[in-house]
Amino acid sequence: METKRPVEKDPRQRRDDLIVITGGGGFIGGNLAGYFRKKGFTRLRAVDKKPLGDWYVRVPGVESICLDVSDPVNCQRACEGAVEVYNLAADMGGMGFIERFRIECLRSILINTHMIEAAYQAGVRRYFYSSSACVYNTLLQQDPKVRALKESDAYPAMAERGYGWEKLMSEMFCQEYWAERGLKTAIARFHNVYGPHGTWDGGREKAPAAICRKVIEAIDTGRGEIDIWGDGTRTRSFMYIEDCVKGIDMIMHCDDLIATPINLGSSELVSINVLVSKVEKIAGVKLKRNYQLDAPKGVGGRNSDNTFIRKMLHWEPSTPLDKGLAVTYAWIKEQYLARKKGKRVVE
Ligand code: NAD
C-alpha cells in the first residue's frame, strides 16, 4: 500500500512472545498453532467460539479458549498481552455455504471490526488478516480458461456477494489502521486451502475434501457413482495447508508487505473433473459421474497469479496437488472409518 509511514524495525522476536490465533479451533488456525509450536514458540493462545470438544485440532501446550470474538469485550480478553495476532475467525465454508448463507458471512465484519481495534488497543506489534480470493472481481472469473488473478484485479470491485464484500471491507480496515494509526497489518488473500484437519463433511467442506469423502463413500457403499456439483469443467487452484501456514508466517513478517494485500495460493489450475480423476487414481477406482447442474458452483474459473509473491518473498506455494491430495485422502479415510466404527470425530 502506498503510505508515507516509515516502517520502524521490530524488536527481536522472542520464543516467549505471546501469539494469539483466532479461529484456532478451525482448519487453518489449528494448523497454524501447530506450526508455531513446532517452530519453538512457547506462548500460544488459540481462541474459537466452538466448544473445545469440537475443535479440529487441539495442540498440546497451547492455551485454548472458547470465546466469541464478534463481541468487543471478548476481543479485548483474546488480545490481552499479545505481541502478534492472527485473525482467522470467520463464519465460512465451501461454495454451498457462502452462496446460501450470505448474512452469516457478512456478519464476520463484527469479528474483524472488533478484533483489529482490540489488537490496536492492546498495543500488539503485528496483526494478520485472512482475506480470500473471493474479493476478486467476479466478472474476470466467468471463463474456466481464466487468466490468473493478480492483486490489482480486486478493483473496480465486484466481489463475491456477501463473503467477498465483507473480506474486501475488512482488508480496508487493515490498510487504514496502518495509514492512520500505525498498526502493522498483513493481509493474505487465500485461494482454496485443503489438507488434513479440514472440514470434510456437514455442508461447509470445500471441493477437495468433499470429493475425497464422496469417493471413499462410493467405494465403501459399493455405489460405484459420484455426484459432482456443476458440469465438472469449472477450474480452481488448491493450496496445501503446509504452504498456507508457512506463507502466513512469511507475509506477516515482511516489512515490504505491510497493509498490502497479497495472493497466497497455488497456481496449479485444474478442472473439477481433473480433481475427481486425481482422487480416483489415489483410491484406485473409476466411478460413474453424475453431474448436478443445479448445485452451487461459484465462478467459472479462478487461479492465483503468483508474480507478486515470488517477487516479494522469492517463494510461492508449490506442493503438487497429487502429493497433498494423497495425504488428505488418507486422513479423511481414517476419519470416515473411525466414524463408522462409532468413534466421535470432528467433521
Ligand atoms: P474454519 O471454518 O475451519 O475456521 C474458522 C473458525 O473460526 C471456526 O472454527 C469457527 O468456529 C471460528 N469462528 C467463527 N466465528 C467466530 C467468532 N465469532 N468467534 C470466534 N471464533 C469464530 O475455516 P478456515 O478454512 O480455517 O478459514 C480460516 C480463515 O481463512 C477464514 O477467515 C476464512 O475466511 C479464510 N479463508 C479460508 C479459505 C480456505 O480455503 N479454507 C480460503 C480463503 C479464505
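As the structure is a computational prediction, the values presented were derived from the model and not from experiment.

Focus: the overall build of the protein chain
Move 1: Within the protein chain, the regular secondary structure consists of eleven helices and 13 strands.
Move 2: In terms of C-alpha radius of gyration, the protein chain reaches 20 Å, essentially the compact-globule figure of 20 Å for 347 residues.
Move 3: Dimensions along the principal axes, computed over C-alpha positions, put the protein chain at roughly 60 × 45 × 35 Å.
Move 4: Across the 347 residues of the protein chain, 55% fall into the buried class.
Move 5: Per element, the accessible surface of the protein chain, about 15,400 Å² overall, is 52% carbon and sulfur.
Move 6: Between the centroid of the 52 positive side chains of the protein chain and the centroid of its 44 negative side chains there is a distance of 3 Å.

Considerations on the site of the ligand
Move 1: The full set close to the ligand counts 27 residues, and I28, D48, D68, Y163 and V193 are the nearest of them.
Move 2: One of the side-chain nitrogen or oxygen atoms of K50 is found 3.0 Å away from an oxygen atom of the ligand.
Move 3: The separation between a nitrogen atom of the ligand and a polar main-chain atom of V69 is 2.8 Å.
Move 4: Its free accessible area being 820 Å², the ligand has 95% of it covered by the protein chains.
Move 5: Breaking the shell around the ligand down by element, the ones donating at least two residues are α1 (27–39), β5 (126–132) and α6 (163–181).
Move 6: With three residues, the top contributor of residues to the shell around the ligand is β5.
Move 7: When its residues are assigned to classes, the shell around the ligand shows 13 nonpolar, eight polar and six charged.

Structural notes on the domain arrangement of the protein chain
Many descriptions give the size of an interface as the accessible area lost when the pieces come together.
Move 1: According to the domain assignment, the protein chain consists of domain 1 (19–193 + 239–264) and domain 2 (207–237 + 268–311 + 320–340).
Move 2: Placing a centre on the C-alpha atoms of domain 1 and another on those of domain 2 gives a separation of 25 Å.
Move 3: Counting residues at the interface gives 27 residues for domain 1, matched by 22 residues for domain 2.
Move 4: Between domain 1 and domain 2 lies a buried interface of about 1,900 Å² when both sides are counted; carbon and sulfur atoms form 60% of it.
Move 5: The largest contributions to the domain 1 side of the interface with domain 2 come from Q141, P144 and Y240, which together make up 25% of the buried area.
Move 6: In this assembly, domain 1 and domain 2 are joined by one salt bridge.
Move 7: At the junction of domain 1 with domain 2, the criterion picks out nine residue pairs in polar contact (both at pLDDT 80 or more).
Move 8: Elements with a contribution of two residues or more to the side of domain 1 that touches domain 2: α3 (95–100), β10 (239–240) and β11 (262–264).

So, how was this worked out
Residues numbered from 1 in each chain as written. Predicted model: local features only at pLDDT ≥ 70, side-chain atom pairs only at ≥ 80, totals over all residues. Heavy atoms only, no water. Helix = DSSP H or I, 4+ residues; strand = E, 2+ residues; numbered from the N terminus. Rg over C-alpha atoms; globule rule 2.2 N^0.38 Å. Buried < 20%, exposed > 50% of the residue type's maximum accessible area, 1.4 Å probe, protein only. Areas by Shrake-Rupley, 256 points an atom, 1.4 Å probe, with all protein chains shown as cover. Lys, Arg positive; Asp, Glu negative; His and termini not counted. Charge placed at Lys NZ, Arg CZ, Asp CG, Glu CD. Near = heavy atom within 4 Å. Polar contact = N/O pair within 3.5 Å; in protein donor to acceptor, adjacent residues only side chain to side chain. Nonpolar A, V, L, I, M, F, W, Y, C, P; charged D, E, K, R; others polar. Domains from an automatic or database assignment. Contact = heavy atoms within 4.5 Å. Buried area = accessible area lost by both parts, 1.4 Å probe. Salt bridge = Lys/Arg side-chain N within 4 Å of Asp/Glu carboxyl O.

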